[in-house]
Amino acid sequence: MQKKLRNFLIGLVVVLLILGIGGTLFYKNWVKTNTPKSFPQVDGEITLAGLDAPVSVYRDEMGIPHIYASTLHDLFMAQGYVHAQDRFWQMDAWRHIGSGELSSMFGEAQVKTDAFLRTLGWKQTAETEYAALNAESKAILDSYADGVNAYLDEHSGTELSLEYGVLALLSPDYTPAPWTPIHTLTWAKAMAWDLRGNMNNEIERAVLLSTLTPEQVETLYPPYPEDHPIIVSEIGGEAVAASTSQETETLLRLASPNLESVSANFALLDDVLGPIGAGIGSNSWAVSGSRSETGMPILANDPHLGIQMPSIWYQVGLHCQPVSEACPYEVGGFSFAGVPGVIIGHNDNVAWGFTNVGPDVMDLFIEKVNPDNPNQYEVNGEWVDFETRTESIAITGGEPVEITVRISRHGPIISDTFGELKDSDLADDQTPFSEKAGIDLPENYAIALNWTALIPGNVFEAIWGFNKAQNWDEFRTAAQGFQVPAQNLIYADVDGNIAYQMPGRVPIRANGDGRYPVPGWTDDYEWTGFIPFEELPYTLNPASGYIATANNRVSPWDYEHLITTEWAYGYRAQRIVDMLNDAPEVITFDYIQQMHGDGMDLNAETLIPLLQDAPLNDDHLVEMRSWLAAWNRQTDMDSAPAALFAAYWKHLLMLTFDDDLPEDYRAAGGSRWFEVMRNITPDVNNFFWDDKTTDKIETRDDIFAAAFEAAVDEMEKDYGKDRKNWAWGEMHTATFRNSTLGNSGVAPIENLFNRGAFPTAGGESIVNATGWTTYESYEVDWLPSMRMIVDLSNLDNSLTVHTTGQSGHAGHEHYIDMADMWRNIEYYPMYWDLERIKANAEATLRLVP
């Protein structure tokens, strides 16, 4: 995760190696002694001061807790306690991210990341949100914090988690602070960042204008294809503003180096939250009773998020006993450790799932700064003062660092967070920004971020509303508070309804379409309001008998508001809709599971026929091409053709675009590049086909042939000439890495916390969406973080799986017991009935006052 920790741990390992056998035995003995210390008590009885009455916690054979309590306070206090039992290290790391306090945990190497997080001001926003919550919401958060702190009061060091034993070597004075409701609320901001939509593309387009024409840039960001599915097709369309003005294009060329620094600042969060990628998104669909084997709806969901250890999800059942107005919760599903309630799941009447909408809710405003006073910026011809805030960043083992945050009317100034702009304060191996872009950077510009997540909201109140909702009207009422990050809400209930709602705080712009940074010194590009909830797309019981979402376009073509111009391009959505349309007359649970595991690569459907026209001058390559053409397009683990096609796709992107794009903005794969390639292939002489590094002018077929030859060469060199030995799953593996210590660069530490590599099927923009980045490796970096199928005819028949296991404790039996099930598209029961839960409980814990 960071250099200081890596260097320290490497030094420690070197010392142990010098000690030889004695050092090795010491390390093994330390691991053996400390690993089980963190395993929590899950059987018997624990006294928990502050409870109103006894609470029962039944853990099923997967280690999933089902909590039964008689009061709202006790229910959420117990959830906080159980979360801390299994996942406190994860919770602790997440809250340090949310509050910009990583340096207090991991040292000075995290100061730059903390500075950027402090600039964004997540903690200040969360504090404002907490103050505005209603009494019940505050009671939930306070009770949850009480439960977490009750566990912290009785446990420390490796009793909390094995990672603290390693951390003690770097930060011996570190002690976890008590949990507060603010720590929960900041995690909503981290998730909003993770699902932030088009911000990276906004920066990339602006930078690319330095070397490409506007038309060429737009080719790389095509519109949503008209032949792919739309989620809601009957409520009106989208008025997209005209293309960027010449004035703005000129401004962007001048500001391009500055934007590169902003992009670098964003990248600092990749280490702690995972990089945003083309694979981010999710699938969901609901089938009505008229189409299902049960005569009642079936709801399926699989959110796609970055690969990590432990899983981002923590499955839990929360049951008031009895359910009453004072304690109305009877819900099960997936939570975030650190957050009370259930994020995705079902209660006794309704079920719901999420996929990311990806609305354009972040705009970059280029502020004109007073050259004589850097604390002023221009607004409509007058200089006004920036709002400023001083932040003190505590550093374990060092002195605090102070930064000053400047805030314009549009939001925090993010371009100068680290004082490394322009051509100053560069490392020896760094190129000045002005030289990268080939232009001079004006001295009087700064870049502000306007982002809806920095406006106080109440997303968790919406979640708790879903947990309690008994029908569509109550669910939709709760959805009004689900503002950031906006999600496609899929819904089904025991009364036979299926429905969809897009919520979210989506800006209405005076001008522009949010695709490029804009001038901030006039009101020309201001946000004038937000799309009213009543005008956001929704549908109830459509005639098709199903609803499907896969991050594809939500709104009809004539919708009056702009949501975004950058949806996922609908390849997963197309395949899901095709499978639903081609399904048997009665859709079974088995068929839903097959859909979850579907590996059809629609990109191959486009490219393999065109490959047949490429000039191949080698009989072996011609035979390999014919063999590939016979492939069924399924990306199974044991598929040899899938392996070859992946290599071909990688080389095709590299040979087509690497000579035209800066290294930081290479073609990475995913649905956008599927669509770019689909759009340019009819033009055999398109600008991008020519390899600018050669003396000849290449055409499409030249590049296709060269890419295929390179792919065959790679496969035969790396995996042998006998293609019977090729297997996509052996190339496309999933390694679950601890998000902090798992990338330390020290093998013994990584081996202690990481698990894998696991062969997997699927791929980018495929229903079984195991993403990979073409220019890095075939390794999985995004994935279906869980899969859930809810049977609204009998909730006890519902099935699910997530990626790793319930436990966050390395060495625990439930640390990695789900991985093989997950990769093989297998499931375990989502127990609902109390008697069935008791019958399948591997442990029963009683918490008493």
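Residues numbered from 1 in each chain as written. Predicted model: local features only at pLDDT ≥ 70, side-chain atom pairs only at ≥ 80, totals over all residues. Heavy atoms only, no water.

(A) Main features of the overall build of the chain. Counting secondary structure elements, the chain contains 27 helices and 30 strands. Across the 849 residues that make up the chain, the buried fraction comes to 63%. The long-range fraction of contacts in the chain, counting pairs at least 24 apart against all pairs at least 6 apart in sequence, stands at 74%. For the chain, the computed accessible surface area is about 30,100 Å², with 48% contributed by carbon and sulfur atoms. (Helix = DSSP H or I, 4+ residues; strand = E, 2+ residues; numbered from the N terminus. Buried < 20%, exposed > 50% of the residue type's maximum accessible area, 1.4 Å probe, protein only. Contact = heavy atoms within 4.5 Å. Areas by Shrake-Rupley, 256 points an atom, 1.4 Å probe, with all protein chains shown as cover.)

(B) Quick peek at the pattern of salt bridges. The final tally for this structure, using the stated rule, is 30 salt bridges. K468 is the salt-bridge partner of E136, the closest N and O atoms lying 3.0 Å from each other. Taken as a pair, E136 in helix 7 (residues 135–154) and K468 in helix 15 (residues 459–468) lie far apart in primary sequence, 332 residues in all. For R409, the salt bridge goes to D523, with nearest N and O atoms at 2.7 Å. Here R409 is found in the loop between strand 14 (401–408) and strand 15 (411–412), whereas its partner D523 is found in the loop between strand 20 (518–519) and strand 21 (527–530), with 114 residues between them in sequence. Judged by relative accessible area, R409 falls into the partly exposed class, the value being 33%. Look at the salt bridges and you will find they share partners, linking R118, R389 and E391 into a network. (Salt bridge = Lys/Arg side-chain N within 4 Å of Asp/Glu carboxyl O.)

(C) Fine view of the pairing of strand 9 (residues 350–356). Extensive coverage of strand 9 is indicated by the burial of seven of its seven residues. By the alternation rule, side chains of strand 9 split into V350, W352, F354 and N356 and A351, G353 and T355, which are all buried. For strand 8 (residues 344–347) and strand 9, the ladder comprises two bridges, and the chain directions are antiparallel. Note on strand 9: the bridge partner recorded for H346 is A351. (Pairing = 2+ DSSP bridges.)

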